[in-house]
Amino acid sequence: MADIGTLNRTAAGFDAVADRVASGPRGRRPRRALSPRNIMLYGTLFVAALYYLLPLYVMVVTSLKGMPEIRMGNIFSPPMEITFEPWVKAWAEACTGLNCDGLSRGFWNSVRILVPSVVVSIAVASVSGYSLANWRFKGSELFFSILIIGAFIPYQVMIYPVVIVLRELGVYGTLTGLVIVHTIFGMPILTLLFRNYFASLPVELFKAARIDGAGFWSIYFRIMLPMALPIFVVAMILQVTGIWNDFLFGVVFTRPDTYPMTVQLNNIVNSVQGVKEYNVNMAATLLTGAVPLIVYFVSGRLFVRGIAAGAVKG
Amino acid sequence: MNSNVSITNPSVSIRDLSLSFGAVSVLQNLDLDIRDGEFLVLLGSSGCGKSTLLNCIAGLLEPTDGQIFIKEKNVTWEEPKDRGIGMVFQSYALYPQMTVEKNLSFGLRVAKVPKEEIDKRVARAAEILQIGPLLKRKPAELSGGQRQRVAIGRALVRDVDVFLFDEPLSNLDAKLRSELRVEIKRLHQSLKNTMIYVTHDQIEALTLADRIAIMKSGVIQQLDDPIHIYNRPKNLFVAGFIGSPSMNFLRGELAEEGGRVVFRTHGVNFSLDRYDAAEPLRAGRKVVLGVRPEHITVDGKTGGETHEAVVDIEEPMGADNLLWLKHAGHTLSVRIGGARRYAVGSKVELSFDMSLASLFDAETEDRI
Ligand SMILES: Nc1ncnc2c1ncn2[C@@H]1O[C@H](COP(=O)(O)OP(=O)(O)OP(=O)(O)O)[C@@H](O)[C@H]1O
Ligand SMILES: [Mg+2]
């Protein structure tokens, strides 16, 4: 009898526990979707998105309209009949100066400038960042400081001296000259990026590699490079967008037949003769901006990871 | 300092080594000889220059002055790889993108050792360290203990004369640490290489070392085997550094009593008849008496001189029981068997084992 009594009491105990669990808060705390915080947050995001997307929308819409439709003046209305004529014209027929083969010439010029500039500048900067971080030599800190100061000098100040230097070297006006200029001007920020990344890696790794007998290049290629992929992606994005969007160096250091796409775009959009073909201008601008956009979309996730991996660490 | 240099055919010998980072002098005129096959532990508090010394031996830091010999060869200007050393770091420093196997063989591949030879040596190291099943894994997929084994293996495959360990067990939890400690000892016994081991864990030092070098701000205070370091510390610093709970220190002076020199503190005399002094004791000298907690007996039947004390705090620690006692103005810690318990406030009789005590000059802090 006593046993049954105990059992009953235990069962009652369980009930009490069950009641408490059923009535009290449990698990994840519910959050209201329309809390003031959320309204603020999403409201701000929405406004910011609108701010950037509206011009893009206008450009896309306008580039798909014919000129008569544009003249009607409703820049926000979608095209009544879609035409790709302006895109074709912008790419292959628009006239800039003497040539009438559209932006395609500028596109290929830009590619010919971009690829070697990006490759050379990243290669040089990663090696110098690595040696500044790991192979401290006499005066390396001073060298680094000077390089960083270089990042703050406005480019315009240096253009004339650089023109003279390139002329003396006999590469003024050639693509080689422009590649050299892009490499040099990319150096401060890229070296900083790489130096900080390599400095954030544990020194013991470097010491262990030296004890294992690896030298300067062998440590760079076999130990450091494989660990630095995220930062290479960051550097690549910085350089691709920077060099592709460059106008100043392009217009100063090249000749009309080697103009990069941005300079050509400017010439198309700002040409004074004839009617302004807004649809062609919009298409040309979108075409020119496509490369950096695609780079961002493809590697955006890697970019964020690379920034988080060390670019912002001291 | 020259007492450190007395060995014929040393495996590693350091002569007059100094190193400073700019204005900060880390090592000063350091001399050290290490026997072939010896397990030497460098022990000292944080920042005293242990890692710096090890990095100098490895060739990762350039000394400001002095020479380093390994196997009788002056390696002061040699590259790390040409010194015949292997090094194990506290943070493991495994190459993250390589598998364990590639980590082990990296040094050999750099040195262009033939493939069959590499395979043979990796297999041997893997067997010794029991990491065979892990060879295809990346370091990120290993536990801390396994990573440190791989790091040791990296030194092992290179067939070096001298192993350098920089706090290899500090990142591991207590249980793993004691396991790996035993394993390193076993490794040393089977390989018979010279090993230099940096730690600030005195248990590691006492259990592993053939000899211990105690360092303080870049200077070796005492270089001796663990027994001597523990029982005959050369100065007050060494005495206080080694031992946990640390040695009891009583400040007082030497005095005469019935034609004998005794130690006197707060009007209480301690007989020094059984103390093994290195120099004649003279009355009037200010001294510090050091006695380890286990060298004081509580309520023993020794029949000798006893001193009365009051129990202040009791700390039972399982195997032992640590008593904190008030005696003549001092607080003393005494270690007794775990089964013997005392109530707080009870009076006890203490007898000091003076044959194992240490007497230091209060001025120079050196052992008398
Ligand atoms: N690159 C450096 N530049 C300037 N000072 C340094 C440098 N490396 C070490 N030091 C200084 O040298 C002293 C000794 O450092 P070391 O790393 O040898 O200490 P340690 O005994 O290994 O200490 P721990 O037990 O904490 O590892 C420290 O005071 C440290 O601040
Ligand atoms: Mg250290």
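In short, a report on the structure. (Residues numbered from 1 in each chain as written. Chains lettered and ligands numbered in written order. Predicted model: local features only at pLDDT ≥ 70, side-chain atom pairs only at ≥ 80, totals over all residues. Heavy atoms only, no water.)

Points about the overall build of chain B
- Helix and strand counts for chain B stand at eight helices and 20 strands.
- Principal-axis analysis of the C-alpha atoms gives chain B an extent of 80 × 45 × 35 Å.
- The buried share among the 368 residues of chain B stands at 52%.
- On chain B, roughly 16400 Å² of surface is accessible, and the fraction owed to carbon and sulfur atoms is 49%. (Helix = DSSP H or I, 4+ residues; strand = E, 2+ residues; numbered from the N terminus. Buried < 20%, exposed > 50% of the residue type's maximum accessible area, 1.4 Å probe, protein only. Areas by Shrake-Rupley, 256 points an atom, 1.4 Å probe, with all protein chains shown as cover.)

A word on helix α7 (residues 155-169) of chain A
All names here are of chain A.
- The end-to-end C-alpha separation of α7 is 20 Å, in line with the 21 Å expected for 15 residues at 1.5 Å each.
- Maximum bend of α7: about 30°, positioned at Pro 161.
- All of the buried residues along α7 are Ile 159, Val 162, Val 163 and Leu 166.
- Here the buried face of α7 lies against α8 (175-200) and α12 (248-253). (Expected span 1.5 Å × (residues − 1). Bend = angle between axes of the 7 residues up to and from the residue. Contact = heavy atoms within 4.5 Å.)

Some words on the nonpolar core
- Ranked by internal contacts, the top residues of the largest apolar core, which has 96 residues, are Leu 53 and Ile 196 of chain B.
- Considering each element in turn, this core owes the most residues, ten residues, to α8 of chain A.
- Sequence-distant contacts of Leu 53 of chain B, defined by excluding residues within four places in its chain, comprise Ile 14, Leu 17, Leu 27, Leu 30, Leu 32, Leu 42 and Met 215 of chain B.
- Core analysis: the next-biggest nonpolar cluster, separate from the first, contains 45 residues, Phe 39, Leu 104, Leu 134 and Leu 180 of chain B among them. (Core = buried A, V, L, I, M, F, W, Y, C linked by side-chain atoms within 4.5 Å.)

Some thoughts on the side chain of Thr 199 of chain B
All names here are of chain B.
- Positionally, Thr 199 belongs in strand β8 (residues 194-199).
- Within the local environment of Thr 199, its side chain forms a polar contact with the side chain of Glu 204, the two groups lying 3.0 Å apart.
- Not counting residues within four places of it along the chain, the set of residues in contact with Thr 199 comprises Val 41, Leu 42, Leu 43, Gly 44, Lys 50, Glu 167, Glu 204 and Ala 205. (Polar contact = N/O pair within 3.5 Å; in protein donor to acceptor, adjacent residues only side chain to side chain.)

A few points about the packing of aromatic side chains
- Under the counting rule described, the total for this entry stands at 29 aromatic pairs over all chains.
- With a centroid separation of 4.9 Å and 65° between ring planes, the pair formed by Tyr 95 of chain B and Phe 106 of chain B is classed as edge-to-face. Residue Tyr 95 of chain B is found in the loop between β6 (85-88) and α2 (100-110), and its partner Phe 106 of chain B is found in helix α2; the two are separated by eleven residues along the sequence.
- Aromatic side chains Phe 163 of chain B and Phe 165 of chain B sit 6.0 Å apart centroid to centroid with 20° between the ring planes, which places their arrangement in the stacked category.
- For Phe 163 of chain B, a relative accessible area of 1% gives the class buried.
- We classify Phe 165 of chain B as buried; its relative accessible area is 0%.
- Following the ring pairs from residue to residue traces out a cluster consisting of Tyr 130, Trp 135, Phe 194, Tyr 197, Phe 198, Phe 206, Phe 216, Trp 217, Tyr 220, Phe 221 and Phe 232 of chain A.
- The ring of Tyr 95 of chain B has Arg 154 of chain B lying over it, and the distance from NZ or CZ to the ring centre is 4.8 Å.
- Over the ring of Tyr 230 of chain B we find Arg 292 of chain B; its NZ or CZ atom is 4.0 Å from the centre of that ring. (Phe/Tyr/Trp six-rings, centres within 6.5 Å; stacked < 30°, edge-to-face > 60°. Lys NZ or Arg CZ within 6 Å of the ring centre and 35° of its normal.)

That is the geometry; function is a separate question.
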